[in-house]
Amino acid sequence: MRNNYTKIVEFCGKNFLDKNGVFYANLDHETYGPVTAQTVTGGVPSAWFSGFGLAEFLAYENAGMTTGSYMAALCLEGTPEERKKVYNGLKWLYETGKELEEGFIPKPYGGRFFPQTSTDQVLYVMYALDLYYPLADEAEKKEIRRMIVKMADFWMKRNYHFDYYHVKNMKWPPLRFPSFLMLAWKYSGEERYRTEAYRILDENIDWIPEHSKVFVRRGLSDFEKQHNIRIVNQAADAVSMDIMNLDLLIRCEPEGKYRERFIKAMEVSVKEGFMTICDNGRYEALLFYDMNTGKMRLPRKYEHPDMDDWKTYTSSWSTMIVRAALIASQYLPHKQKEIFEMSEFVLSKIGLENCHYAEKPANLCEHERYEYRLLSGDGISNWLWGANLYRKFKKQK
């Protein structure tokens with residue numbers, strides 16, 4: 001990990017930021033430059049979006065998450081000039097979203113407005129702004145207070161419904177929003193935000209962590225019941241979101257009535273996330289938790305449920321899992337040794353040379369093979385954030 005650190009710090013500052021200060025979601029792993037049509041040769045644009053090329057889509061798909069992660073890393077170890085540049089990137093996302101409505105955080109495909117978002121993008125932007133606030137100047141602090149409140153308002157006024165690609169007026173998972181509302185309460189002082197956060201929590205408290213794949217489940221598919229398994233897919237994003245949301249809730253109200261429930265939920269998320277990490281330091285994006293054996297396994301050839309995202313591959317997004325676990329370690333002293341050891345293992349195994357969005361290209365369809373050529377912005381920004389958390393906590397011990 002030590003050998004990679006300086007190289008990754010310098011590379012991110014030089015290669016990953018666009019002209020607005022937004023951190024790319026992916027780069028071309030061969031050229032170390034922006035994703036181009038050459039990068040995605042053979043790829044087929046998704047029917048879920050139109051008006052943008054596949055390269056434009058991939059360059060910015062997770063721009064809110066990657067820019068937020070990079071800012072979080074810089075708030076731990078970065079210069080004021082570096083943070084200012086990335087703050088301007090976060091503000092650019094916010095200002096660009098005003099084309100729809102103030103408080104909307106878009107996925108800016110091609111580096112321009114598009115009326116698509118997801119709540120994980122919003123979470124990372126809000127989390128980063130909250131971390132930056134103590135380091136900001138007075139003008140920026142005023143802007144941050146307004147941005148955070150407006151972002152919460154955008155969702156609250158819609159009763160947490162909004163389009164998701166071709167799904168119109170989708171109801172988003174409810175436990176994604178109490179952290180937004182508590183931040184709005186923190187920065188506005190208006191009790192209505194806290195009241196609304198607790199309404200949602202009171203109605204759903206038995207279902208945290210919300211995105212648990214194994215140990216806390218609202219419902220099972222017929223396929224899972226038939227095979228006595230739990231489908232564990234895309235655990236990196238799930239674990240990261242849950243722990244960030246829970247951390248924000250505790251930080252906004254350290255002695256809140258659900259504090260112990262939140263901490264217990266973090267432990268569940270860490271356990272599930274660690275079960276997906278492979279011997280090479282990557283994580284497996286699709287696994288089955290076998291209820292008969294109590295162990296994770298790969299799907300068998302004949303086990304194929306009706307799912308859109310059904311492919312096995314490993315990914316550098318394991319850095320997201322250990323970064324989230326390091327956040328949780330502040331509340332889980334009995335798990336710190338395990339978390340530090342897993343974090344050191346993953347961060348030592350992943351660097352610029354292998355920080356792919358997807359490996360095992362043989363398991364991908366022909367039109368998906370380009371994914372092996374993507375240098376993941378999520379993977380590398382979370383590597384840096386995780387490394388900075390690790391360095392901070394190890395110094396404190």
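Residues numbered from 1 in each chain as written. Predicted model: local features only at pLDDT ≥ 70, side-chain atom pairs only at ≥ 80, totals over all residues. Heavy atoms only, no water.

S.K.: Teacher, can you tell me more about the layout of surface pockets here?
M.R.: Taking a probe equal in size to a water molecule and rolling it over the atoms shows the remaining empty space. Quantified by volume, the second largest pocket comes out at close to 260 Å³. Lining the second largest pocket are 15 residues, with Leu 76, Tyr 127, Leu 131, Leu 389 and Lys 392 positioned closest to its centre. Among the elements that line the lining of the second largest pocket, the one with the most residues is helix 14 (residues 377-396), at four residues. Class assignment of the residues belonging to the lining of the second largest pocket gives a composition of 11 nonpolar, one polar and three charged. (1 Å grid on protein atoms, 1.4 Å probe; cavity = no way out; pocket = protein on both sides within 12 Å on 5 of 7 lines; lining within 4 Å. Points joined across faces, edges and corners; volume = space filled by probe spheres on them. Helix = DSSP H or I, 4+ residues; strand = E, 2+ residues; numbered from the N terminus. Nonpolar A, V, L, I, M, F, W, Y, C, P; charged D, E, K, R; others polar.)

S.K.: Sorry, what's going on with helix 6 (residues 138-156) here?
M.R.: Count 3.6 residues to each turn of an α-helix, and residues three or four apart come out pointing the same way. With 19 residues, helix 6 should cover 27 Å at 1.5 Å per step; its first-to-last C-alpha distance of 27 Å lies within 8% of that length. Turning to helix 6, its buried residues number three or more, namely Glu 140, Lys 141, Ile 144, Met 147, Ile 148, Val 149, Met 151, Ala 152, Phe 154 and Trp 155. Lining the buried residues of helix 6 we find helix 4 (80-97), helix 5 (119-132), strand 2 (161-164), helix 7 (178-188) and helix 8 (191-204). Taking the backbone nitrogen of Ala 139 as reference, a side-chain oxygen 3.2 Å away marks Asp 137 as the first, capping residue of helix 6. (Expected span 1.5 Å × (residues − 1). Buried < 20%, exposed > 50% of the residue type's maximum accessible area, 1.4 Å probe, protein only. Contact = heavy atoms within 4.5 Å. Polar contact = N/O pair within 3.5 Å; in protein donor to acceptor, adjacent residues only side chain to side chain.)

S.K.: Which parts of the structure should I look at to understand the pattern of salt bridges?
M.R.: Where charged atoms from two side chains of opposite charge approach closely, those side chains can pair. Within the structure shown, the criterion is met by 29 salt bridges. For Arg 199, the salt bridge goes to Glu 196, with nearest N and O atoms at 2.9 Å. Taken together, the residues span about one helical turn, with Arg 199 and Glu 196 both in helix 8 at a distance of three residues. A relative accessible area of 34% means that Arg 199 is categorised as partly exposed. Residues Arg 297 and Asp 290 are paired through a salt bridge, measuring 3.1 Å at the closest nitrogen-oxygen approach. Both residues of the pair, Arg 297 and Asp 290, belong to the buried class. Through salt bridges that share partners, Asp 130, Lys 186, Asp 247 and Arg 251 make up one connected network. (Salt bridge = Lys/Arg side-chain N within 4 Å of Asp/Glu carboxyl O.)

S.K.: Is there a simple way to think about the sheet that holds strand 4 (residues 229-233) in this case?
M.R.: Whenever strands of a sheet pair, they do so through backbone hydrogen bonds, lying parallel or antiparallel. Reading across the sheet, the three strands line up as 4-6-7 and stay open at both edges, with antiparallel pairing between neighbours. In this open sheet, the two edge strands, each paired with only one partner strand, are strand 4 and strand 7 (295-297). Sheet twist, expressed as the mean angle between neighbouring strand axes with direction ignored, is 30°. Alignment of strand 6 (residues 286-290) against strand 7, held across three bridges, turns out to be antiparallel. When the bridges of strand 7 are listed, Phe 288 appears paired with Arg 297. (Pairing = 2+ DSSP bridges. Axes fitted to C-alpha atoms, helices over the stretch in contact; angles between N-to-C directions.)

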